[in-house]
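Given next are the chains, with one letter for each unit.
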Amino acid sequence: MKVLGTQLAGVARRPARLLLTGLAVLVAAFVVYATVLAQEITEKTTIESFSGTPVAADLVVGPSSGDQFSDVEFRADDIAKFRAIPGVAEVAGRARAGAEVNGDYLDLLADPGSGALATVHATKGTYPTKPGEIAVSPRTADRMGLSIGSTVTIHTGRDDTNKPIKPMKFTVTGIVDAESDFGGTAYAPQSTVSAIQNSNFMRHVELRLEPGADTAAVTAAADRIVAAGPKPQEGMSRAVVRSGAEVRRAEAEEAAAGIKDLFLAMGMFVAIAVGAAGLVATSTFRIVFAQRMRQLALLRAVGAGRGSLWRALAVEGALTGFVAGTVGVLGALAFGQAVPPLLRAFDITVSSPGVPVLPAVAVVLLSTVITVLAVLAPALSASKVSPLEALRSASTTAGRAGIGKVRAVFGLLFAAGAGLLAAYVVTNLPGRDTKDYNAEPMMFAVLGSAGLAFLALIALGPLLVRPVLATVGWPLRRLGPVGKLAVGGVGGAPRRAAAVSVVVALGVALIAGVVVTGASARVLADRELASSAPADFELAASGDPADLPATVLAQAKASPDLTHVTPYRRLSNVVLSGGDANWKLRASDLSMTALPELKKIDVTGGSLAAIGPGKAAMSKWIAEDYGLKVGDTATLTADQRKVQVEVVATLSDTGPLQSDIIADPADLTKLGAAATPTGLLADAAKPGEEGRTAGQKAMRQLVAGKTGISVAVLADQRDEFDTMLTTMLAVVIGLVGLTVLIAVVGVGTTTALSVVERARESGLLRAVGLTRGGLRTMLTTESSLYGVIGATVGLLLGVPYAWLMMKALGANLPLKLPVGQLALVFLALVAFTALAGVLPARRGAKVSPVAALATD
């Protein structure tokens, strides 16, 4: 107990050192509890601000809670009967229809436009009140060239007999403030939308009751109307009457369900950060105990046993974890409570997270447990100190470079295990199109190998520091005495350097893996999107015959807002020799060199440049199903016309425009294709949204007044995927950055403690002529070297394992090595670790040489 009292008294005298020792744990506790609060804020905000069924809707007549994505059928007089129920103040039917306007898809939604049940309101003009009137969202008006008072012709497709439905003319009466505006949405009263869709199906009907109305009586009356209504079609359920609150709660919970999954995924990265904090804490305790080695040796000399000394140090570690966890939780709580009012200042309303007590207690306990686990090994090592250590300096102990035999054996076993698992994966990697490949065991094998490699790095790290430092530190040695001193300072304490650098290496390896995987996924996506979206716009004819007027092609080529205008023809009745005569294939004569995007298309064999008369390319599926490979000959047949072609290329997926066969124009003519094109592809002449809008307007002008011709904005597909991928990578890198943050904190802590430990060394260097600026530079350079070592090792591990994981998944991801991004990651980590050492270096440089030499 006396030993414990002595240690705790020392902690009480230096509370700053306690917090410094547990700083990484404090940051980890802050991150964990802040994540809990962020989930609380997000879920509550989503539920409270969900813009589904209006708050004013007291009752909702629609599908049951388990079938809420189905529509239900209401007759026109059903809506009138709902309005006639005593106590009902307002009724809104939510119908939806799809139509085509000048080749663009238009989504028409039913909304009253005024009253408590309205979800949109006119900001310009007036909301439609009569048949033949619609209102549009701002982006729809801009992209479709619509203005108030303009007339549009709406095509709703074909009826059950495949005959075109007579087009309808509508007048745009207003612009509305839509919650979501994707550039293709219009609004009108329910009766108008139901007439456009030519059916009585609706998502649901909302009822607002008068103040004081008997809810039970209204519900019973609505139930009777539903029971007397149309019999549900097969596979559909009858409408039910539910309270508005119940429906809104179900909608909000469904929206919040994805949030739980998101934060569950975040938890994995937070767990890695917590593990990194444990490693940093272990390193910090080793440094602190090394600095106090003489004190511990004196306690041994006066009779303290190893067990009592070990227990005292373990209790000190538990106290450190408890205090760090408590401070971290309180800091996160203060931050979480401050976020809502701060965001309100920017007109952003979010809910308060409250005070989740149980998670707070759990985080403090977790911090304590992590710190106790971190302190066990350093405490056990420190408790073995010999009383003779009292005669040595702390730096002598800290500078020991070797590792124990047991640690070396375990390190070698971990390394061997990692190598064996990696070799197993490499020897069993799938081919380009391996059948019945099970990626799950291979994925776990890669993760196991990476985990063992990291454990080997922890065990053998001190042995690797000096070889790595000899390579990456070479330029610094050439810069003069300060560089040599910095390299020598890091190399003189390899255990310490390894303990800190291994956490940096973990963060860099994860980031490098994400960056390499993201770059490779982007290349694969570009290849696949080059087939589905080879240009910004597509203009295609439909019907029989499906031909574009010759004037359309000429006008498109003459438009200043369009470029790379490429016509194509398509046949959909081609039969390939050796197959079922009833299996009709799609053939196209699209030029594979006319559009920039088409250059990204990947082939599994041959070359697309070889396509010519009598030579064609086959899609992946056709080549597999018909057993075709490059060099084979196939016969194409269409309406008794035959053409023999040589397969000169096989694609990695479906061909452009969902084509099965890419043939030469001469061969398509021989198969009976008309001389006029079926459609054309074009790019916007100018970049950005402005150029996209101008190009779309030009395409729309080409088809104005013409029927059977549609316009598709294919570039939106590329933009959506690019935005999704960029956002996902940014989120993942941000989460992985938590580990890097812990590592940087560890570097700062290590440098700060190193400054205290090496006070005599600093004083001696000052005494022999090193300036304060030189000392600051030396200490800051040492701090940056931790980042250099960690980033180097992290890249050497992260990039190969990223490649191995991509290949093990069997996704045919090409290995893309983004050298620029990886170099940026390297430089950023070096800069962050250097910044972490700036304040400790400034403090160390301020110490007087005389005072420093007087310290022990």
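From a predicted model like this one, the values you see are computed outputs, not experimental measurements.

**Some thoughts on the overall build of the protein**
(1) Moving on: For the protein, the helix and strand inventory stands at 27 helices and 24 strands.
(2) Moving on: Per-residue burial for the protein yields a buried fraction of 48% across its 856 residues.
(3) Moving on: Sequence separation of at least 24 residues holds for 83% of the intrachain contacts in the protein that already meet a minimum separation of 6.
(4) Moving on: Looking at the protein as shown, the accessible area adds up to about 39,500 Å², and 61% of this sits on carbon and sulfur atoms.

**Quick word on the packing of helix α14 (residues 439-472) against helix α17 (residues 494-532)**
(1) Moving on: It is the contact of α14 with α17, at a shortest axis distance of 8 Å, that shows an interaxial angle of 130°. By the angle between their directions, the pair α14 and α17 is classed as oblique. Relative to α17, the crossing made by α14 is right-handed. Contact residues: Phe-454, Leu-457, Ile-458, Gly-461, Pro-462, Val-465 and Arg-466 in α14; Pro-494, Arg-495, Ala-497, Ala-498, Val-502, Ala-505 and Leu-506 in α17.
(2) Moving on: Grouping the constituent residues of the contact of α14 with α17 by class yields eleven nonpolar, one polar and two charged.

**Digging into the nonpolar core**
(1) Moving on: Residues Tyr-33, Ile-742 and Leu-785 are the most contacted members of the largest nonpolar core, which totals 85 residues.
(2) Moving on: With 15 residues, the single largest contributor to this core is α17.
(3) Moving on: When sequence neighbours within four positions are dropped, the list of residues in contact with Leu-785 reads Leu-469, Leu-476, Ala-486, Val-487 and Val-490.
(4) Moving on: One finds Val-152, Leu-207, Val-218 and Val-226 within the second-largest nonpolar core, a separate group that totals 41 residues.

**Looking at the sheet that holds strand β14 (residues 537-541)**
Two modes of strand pairing occur in sheets, parallel and antiparallel, and in both the strands are linked by backbone hydrogen bonds.
(1) Moving on: In space, the four strands of this open sheet follow the order β15-β23-β14-β24, with antiparallel pairing throughout. The open sheet has two free edges, formed respectively by β15 (562-568) and β24 (709-713), since each of these has just one partner strand. The sheet shows a mean angle of 15° between the axes of neighbouring strands, taken without regard to direction.
(2) Moving on: Relative to strand β23 (residues 679-684), β15 is paired through five bridges, and the arrangement is antiparallel. Paired with Thr-563 across the strands is Asp-683, a residue of β23.
(3) Moving on: Where helix α18 (residues 550-558) meets the sheet, its contacts fall on β14, β15 and β23, and the angle it forms with β15 comes to roughly 155°.

**Looking at the pattern of salt bridges**
(1) Moving on: Tallying each qualifying case throughout the model produces ten salt bridges.
(2) Moving on: Where Glu-90 meets Arg-208, a salt bridge forms, and the shortest distance between an N and an O atom there is 3.0 Å. Of the two residues, Glu-90 is situated in strand β3 (residues 88-94) and Arg-208 in strand β12 (residues 204-209); the sequence distance between them amounts to 118 residues.
(3) Moving on: A relative accessible area of 14% means that Glu-90 is categorised as buried.

**Notes on the pairing of β23**
(1) Moving on: Counting buried positions along β23 yields six of six residues, so the element is predominantly enclosed.
(2) Moving on: Bridge analysis of β14 against β23 gives four bridges, and the strand direction is antiparallel. Opposite Leu-539, over in β23, you have Leu-680 as the bridge partner.

**Quick word on the sheet that holds strand β1 (residues 59-62)**
(1) Moving on: One open sheet accounts for four strands, arranged β3-β12-β1-β13; its pairing is antiparallel. Two strands in the sheet have a free side with no partner beyond their single neighbour: β3 and β13 (240-243). Ignoring strand direction, the axes of neighbouring strands in this sheet form an average angle of 20°.
(2) Moving on: By the bridge criterion, six bridges tie β3 to β12 in an arrangement that is antiparallel. Residue pairing for β12: Glu-90 is matched across the bridge by Arg-208.
(3) Moving on: Docked against the sheet, helix α7 (residues 215-227) engages β1, β3, β12 and β13, running at close to 15° with respect to β1.

**Quick notes on the environment of Ala-324**
(1) Moving on: Checked against the element boundaries, Ala-324 lands in helix α10 (residues 306-344).
(2) Moving on: The exposure class of Ala-324 is buried, given its relative accessible area of 1%.
(3) Moving on: Sequence-distant contacts of Ala-324, defined by excluding residues within four places in its chain, comprise Gly-22, Val-25, Leu-26 and Ala-29.

**Side note on the packing of aromatic side chains**
(1) Moving on: Per the stated rule, a full pass over the model turns up three aromatic pairs.
(2) Moving on: Centroid distance Phe-410 to Phe-414: 6.2 Å. Interplanar angle 35°. Geometry classified as tilted. Here Phe-414 and Phe-410 lie together in helix α13 (residues 405-427), a separation of four residues that amounts to about one turn.
(3) Moving on: Residue Phe-414 is classed as partly exposed on the basis of its relative accessible area of 24%.
(4) Moving on: A ring pair is formed by Trp-583 and Tyr-626, whose centres lie 5.7 Å apart and whose planes are at 25°; its orientation type is stacked. Residue Trp-583 is found in the loop between β16 (570-576) and β17 (585-588), and its partner Tyr-626 is found in helix α19 (residues 620-626); the two are separated by 43 residues along the sequence.
(5) Moving on: On the basis of relative accessibility, which here comes to 15%, the residue Tyr-626 falls in the buried class.

**Considerations on the packing of helix α24 (residues 772-808) against helix α25 (residues 819-836)**
(1) Moving on: For the pair α24 and α25, interaxial distance at closest approach is 7 Å and the crossing angle is 150°. Considering their axes alone, α24 and α25 lie roughly antiparallel with respect to each other. Crossing handedness for the pair α24 and α25: right-handed. On α25, the residues that touch Thr-780, Ser-783, Ser-784, Gly-787, Val-788, Ala-791, Thr-792, Leu-795 and Val-799 of α24 are Leu-822, Phe-826, Leu-829, Val-830, Thr-833, Ala-834 and Ala-836.
(2) Moving on: Considered class by class, the residues forming the contact of α24 with α25 number ten nonpolar, six polar and no charged.

Analysis parameters
Residues numbered from 1 in each chain as written. Predicted model: local features only at pLDDT ≥ 70, side-chain atom pairs only at ≥ 80, totals over all residues. Heavy atoms only, no water. Helix = DSSP H or I, 4+ residues; strand = E, 2+ residues; numbered from the N terminus. Buried < 20%, exposed > 50% of the residue type's maximum accessible area, 1.4 Å probe, protein only. Contact = heavy atoms within 4.5 Å. Areas by Shrake-Rupley, 256 points an atom, 1.4 Å probe, with all protein chains shown as cover. Axes fitted to C-alpha atoms, helices over the stretch in contact; angles between N-to-C directions. Parallel < 35°, antiparallel > 145°, perpendicular 65-115°, else oblique. Left-handed = near helix turned anticlockwise from the far one by under 90°. Nonpolar A, V, L, I, M, F, W, Y, C, P; charged D, E, K, R; others polar. Core = buried A, V, L, I, M, F, W, Y, C linked by side-chain atoms within 4.5 Å. Pairing = 2+ DSSP bridges. Salt bridge = Lys/Arg side-chain N within 4 Å of Asp/Glu carboxyl O. Phe/Tyr/Trp six-rings, centres within 6.5 Å; stacked < 30°, edge-to-face > 60°.

By themselves, these figures tell us nothing about what the structure is for.
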